[in-house]
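Architecture and fold: a report
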Amino acid sequence: MPVIVKGGTVVNSDQSFQADVYCEDGIIQAVGPDMDAPSGVEVLDADGCYVMPGGIDPHTHMELPFMGTVASEDFFSGTTAGAVGGTTMIIDFVIPGPEEDVLETYHKWMGWAEKSCMDYSFHVAITWWDDSVHEAMGTLCREHGVNSFKHFMAYKGTIMADDETLVNSFTRARELGALCTVHAESGELVHHYQKKIFDSGITGPEGHPQSRPPQIEGEAANRAIRFAQTLDVPLYLVHNSCSHSLNEIARARREGQRVFGEVLAGHLLVDDSVYLNNDFEFAAAHVMSPPFRPKANLEALWRGLQSGDLQTTATDHCCFCADQKAIGKDDFRKIPNGTGGIEDRMNVLWTHGVNTGRLTVNEFVSVTSANTAKIFNIYPRKGLIAEGSDADLAIFDSKATHTISSKTHHQNVDFNIFEGMELTGLNVATVSQGSIVYKDGDVRTEKGAGRYVERPCFAPYYSAIEKRSSATGPTSVDRS
Ligand SMILES: [Zn+2]
């Protein structure tokens, strides 16, 4: 049934205006004031609310097999929780194990994701290298709409991409017009430090942050950025958690390099004191990589978002319940890494970003959807309210209040890193593909309704990179 969203303030990344939004066949058909609502059209009353593009979470791990277990949130439960919080699209990760066939792994993940109720797409991780990986990257770009490849610089001995793999993969991505992304933590230093901390007798979750200090993230960020600079490829750094990596991004951008940075809602709002809690379950529930950081980093990350050095927000939604975290009861190195947040990202960013004056409502749209859509080359299909764009909408009531709790959240996990946080202003209704999937507590998501979103290579910034490199590339001298 067609839907008309009436009486709200439409907020895009560039402007806000009073308008109704008419959705049919999954597409926004019209945006304008005082539209008629013919019979047979469902009316969604948005009086006094902000009507924004549905959120895009570019960093999730639904039902990920990891560290001896599988993430508790599957593609249906996870995208449903996202929908409740106003997120209408995720970009998840295909992660082949060492020597695992890349295309087969991609198809395996595509099978799991069929149960999604929101639109989804995939980054593909390059975790090892040979000619078949080189071929697979081409096939993924040309035939499967993958335009971004992920590189784990951490997790030595399992999924870590070594320097040689980074060079090979970055070079291949450049040929294909794809975006390189990295998890920036030095796997070598983490490995060394983890052993040192554990051998010193620190076996609890407090060993986790102590074995991955921020300079380890700064080192890897700088290495990835310099690799990308030398190999002339655009780079996106996921989950920046500290000023060390942020400063490297800021410097590179000042030098004219195409470098993008993501920050997680959790890293903006949770600090490392959580690891000192006496309760193992509480401390272990916060184990994720990179870890939560000393408080000064939180404000630095906010400033990164405000200044534009960081462009996107995500969650790294990767849920493990208490019994799964208990795998690492006697050894922090075995605690499955991951925390949730897909349901809360937009809401906590509103309360702590918009309500505090750090972000305008338009900047809120930029960092929750529009910038992500541009960087991953699906704009203006996503990230914009305009005729012809996908009818994915988040309706925010700036006066609505809510207290976050794992008892009432929709995420399939027994813990919430934002437990007890009081929100003012939150998503009260969500439209996905032109249908109302959430309204005032009523969840109407449908298993399998989500579509795979293809993302073409050669995003607009690629032509700029190519012009720069032809102007500044290697030259030879004719001495004949
Ligand atoms: Zn991740």
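Coordinates for the structure precede this section.
Note that this is a predicted model, so its numbers are computed, not measured. (Residues numbered from 1 in each chain as written. Predicted model: local features only at pLDDT ≥ 70, side-chain atom pairs only at ≥ 80, totals over all residues.)

1. Some remarks on the overall build of the protein
The helix and strand tally for the protein stands at 15 helices and 21 strands. The C-alpha radius of gyration computed for the protein amounts to 22 Å, which stays within 12% of the reference 23 Å derived for 480 residues, consistent with globular compactness. Counting only C-alpha atoms, the protein reaches 75 × 70 × 40 Å along its principal axes. The burial tally for the protein puts 53% of its 480 residues in the buried class. Of the contacts formed within the protein by residues at least 6 apart in sequence, a portion of 77% connects residues at least 24 apart. (Helix = DSSP H or I, 4+ residues; strand = E, 2+ residues; numbered from the N terminus. Rg over C-alpha atoms; globule rule 2.2 N^0.38 Å. Buried ≥ 20, exposed ≤ 12 C-beta atoms within 10 Å, placed from the backbone. Contact = placed C-beta atoms within 7 Å.)

2. Concerning the sheet that holds strand β1 (residues 3–6)
The four strands lie next to each other as β5-β4-β1-β6, forming an open sheet whose pairing is mixed. Across the chains shown, the open sheet's two edge strands, defined by having one partner strand only, are β5 (27–32) and β6 (42–45). The mean angle between the axes of side-by-side strands here comes to 20 degrees, regardless of whether they run parallel or antiparallel. Here strand β4 (residues 20–24) pairs with β5 via five bridges, running antiparallel. Pairing of C23 across the sheet is with I28, part of β5. (Pairing = 2+ DSSP bridges. Axes fitted to C-alpha atoms, helices over the stretch in contact; angles between N-to-C directions.)

3. Some points on the pairing of β1
Pairing of β1 with β6, which is carried by four bridges, proceeds in the parallel orientation. Following the sheet pairing, V5 is matched in β6 by L44. Bridge count between β1 and β4: three bridges; the pairing is antiparallel. Residue pairing across strands places V5 opposite V21, the latter belonging to β4.

4. Observations concerning the environment of M346
Within the secondary structure, M346 sits in helix α13 (residues 345–354). Beyond its immediate stretch of four places on either side in the chain, M346 contacts G55, G85, G86, T87, T368, A394 and N427.

5. Some points on the environment of K329
Position of K329 relative to the elements: it lies in the loop between α12 (322–325) and α13. Here K329 falls in the partly exposed class, since 15 other C-beta atoms lie within 10 Å of it. Residues K329 and D25 lie 304 residues apart in sequence; the distance between their C-alpha atoms is 51 Å.

6. Quick word on the nonpolar core
Counting 138 residues, the largest nonpolar core has V5, V21, V51, A224 and L235 as the members making the most contacts within it. Per-element tally for this core: the top contributor is helix α7 (residues 214–231), with seven residues. Not counting residues within four places of it along the chain, the set of residues in contact with V21 comprises V5, V10, I28, V31, V51, I385 and L393. (Core = buried A, V, L, I, M, F, W, Y, C linked by C-beta atoms within 7 Å.)

7. Side note on α7
With 18 residues, α7 should cover 26 Å at 1.5 Å per step; its first-to-last C-alpha distance of 26 Å lies within 8% of that length. Along α7, the residues classified as buried are P214, I216, E217, G218, A220, A221, A224, I225, F227 and A228. Contacts from the buried residues of α7 go to α4 (163–176), β14 (179–183), α5 (187–199), β15 (235–237), α8 (243–254) and β16 (259–264). After α7 finishes, the residue D232 shows a positive phi value of roughly 60 degrees. (Expected span 1.5 Å × (residues − 1).)

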